[in-house]
Amino acid sequence: MLGKNTPEFRTWHDSHKIDSQQNFNGSSNSMAMNAAAILWNRSVKEAKMRYMTLLSDGDGKTHQHLNEIKGYGKNVTIMKEECIKCCKKSWNWFEECCPTSEQKAVTLRVKFVAV
């Protein structure tokens, strides 16, 4: 691991700061809520569809935020589904908890509504 005061870190940092831009100020939770709101709000305009269900890893803040902003109107409620076995945050969670194609189909179920 590179320490911040090492020449290697400074070389790495200097080569990456040109490409990297901070475009959000806030916590990772608020960044997730903001990103979801952007995706949900532009789905109607750009794809002529609505996301009706959020597949969640156990954190309800994004789901709550989507329902508070009422991006699809005051009478539309976004649903939340959680894969109880899949709340483990790792790259291989999908294969570990959904080994059969039937389980994968259920886990990946998403409802799109044309608008």
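Just above sits the structure.
These figures come from a predicted structure and were not determined experimentally.

Enquirer: Would you explain the overall build of the chain in this entry?
Expert: Within the chain, the regular secondary structure consists of five helices and four strands. Secondary structure elements of the chain occur, N-terminal to C-terminal, as α-α-β-β-α-β-α-α-β. Counting across all 115 residues of the chain, residues that qualify as buried make up 21%. Considering only residue pairs separated by 6 or more positions, the chain has 57% of its internal contacts joining residues 24 or more positions apart. Counting only carbon and sulfur atoms, one obtains 56% of the accessible surface of the chain, whose full area is about 8,900 Å².

Enquirer: What's the story with the packing of aromatic side chains in this structure? I'm lost.
Expert: Each aromatic ring pair is described using two quantities: the centre-to-centre distance and the angle formed by the ring planes. Within the structure shown, the criterion is met by two aromatic pairs. Ring centres of Phe9 and Trp12 lie 5.7 Å apart, and the angle between their planes is 40 degrees; this geometry places the pair in the tilted category. A residue pair is termed a helical-turn pair when its members lie 3 or 4 positions apart in one helix, as Phe9 and Trp12 do in helix α1 (residues 7-16) at three residues. On the basis of relative accessible area, Phe9 is assigned to the buried category, the value being 18%.

Enquirer: Got a minute to help me understand the layout of surface pockets in this structure?
Expert: If a probe the size of a water molecule is rolled over the atoms, the empty space left behind becomes visible. Approximately 270 Å³ is the volume attributed to the largest pocket. If you go around the largest pocket, you meet twelve residues; those closest to its centre are Asn29, Ala32, Asp57, Asp59 and Thr62. The element contributing the most residues to the lining of the largest pocket is helix α2 (residues 28-47), with five residues. Residues of the lining of the largest pocket, tallied by class, amount to five nonpolar, four polar and three charged.

Enquirer: Sorry, what's going on with the side chain of Asn67 here?
Expert: Along the polypeptide, Asn67 turns up in helix α3 (residues 61-69). Look at Asn67 and you get buried, because its relative accessible area is 15%. For Asn67, the side chain forms a polar contact with the main-chain nitrogen of Ile78, separated by 2.7 Å. The residues touching Asn67, leaving out its near neighbours within four places in the chain, are Val76, Thr77 and Ile78.

Enquirer: Looking at this structure, how should I read the nonpolar core?
Expert: Soluble, globular proteins show a tendency: their nonpolar side chains are buried together. Core analysis: the largest hydrophobic core is formed by eight residues, namely Ala36, Trp40, Met52, Leu54, Leu66, Tyr72, Val76 and Ile78. With residues up to four places along the chain from it excluded, the contact list for Leu54 reads Trp40, Thr62, His63, Leu66, Ile78, Met79, Lys80 and Glu81.

Enquirer: What am I meant to see in the packing of α2 against α3 here?
Expert: Closest axis-to-axis distance for the α2/α3 pair is 9 Å, and the angle between their directions is 45 degrees. It follows that α2 is oblique to α3 by the angle criterion. Crossing handedness for the pair α2 and α3: right-handed. Here Asn29, Ala32, Met33, Ala36, Ala37, Trp40 and Asn41 of α2 come into contact with α3, specifically with Lys61, Thr62, His65, Leu66 and Ile69. Looking at the contact of α2 with α3 residue by residue, the class counts come to seven nonpolar, four polar and one charged.

Basis of the calculations
- Residues numbered from 1 in each chain as written.
- Predicted model: local features only at pLDDT ≥ 70, side-chain atom pairs only at ≥ 80, totals over all residues.
- Heavy atoms only, no water.
- Helix = DSSP H or I, 4+ residues; strand = E, 2+ residues; numbered from the N terminus.
- Buried < 20%, exposed > 50% of the residue type's maximum accessible area, 1.4 Å probe, protein only.
- Contact = heavy atoms within 4.5 Å.
- Areas by Shrake-Rupley, 256 points an atom, 1.4 Å probe, with all protein chains shown as cover.
- Phe/Tyr/Trp six-rings, centres within 6.5 Å; stacked < 30°, edge-to-face > 60°.
- 1 Å grid on protein atoms, 1.4 Å probe; cavity = no way out; pocket = protein on both sides within 12 Å on 5 of 7 lines; lining within 4 Å.
- Points joined across faces, edges and corners; volume = space filled by probe spheres on them.
- Nonpolar A, V, L, I, M, F, W, Y, C, P; charged D, E, K, R; others polar.
- Polar contact = N/O pair within 3.5 Å; in protein donor to acceptor, adjacent residues only side chain to side chain.
- Core = buried A, V, L, I, M, F, W, Y, C linked by side-chain atoms within 4.5 Å.
- Axes fitted to C-alpha atoms, helices over the stretch in contact; angles between N-to-C directions.
- Parallel < 35°, antiparallel > 145°, perpendicular 65-115°, else oblique.
- Left-handed = near helix turned anticlockwise from the far one by under 90°.

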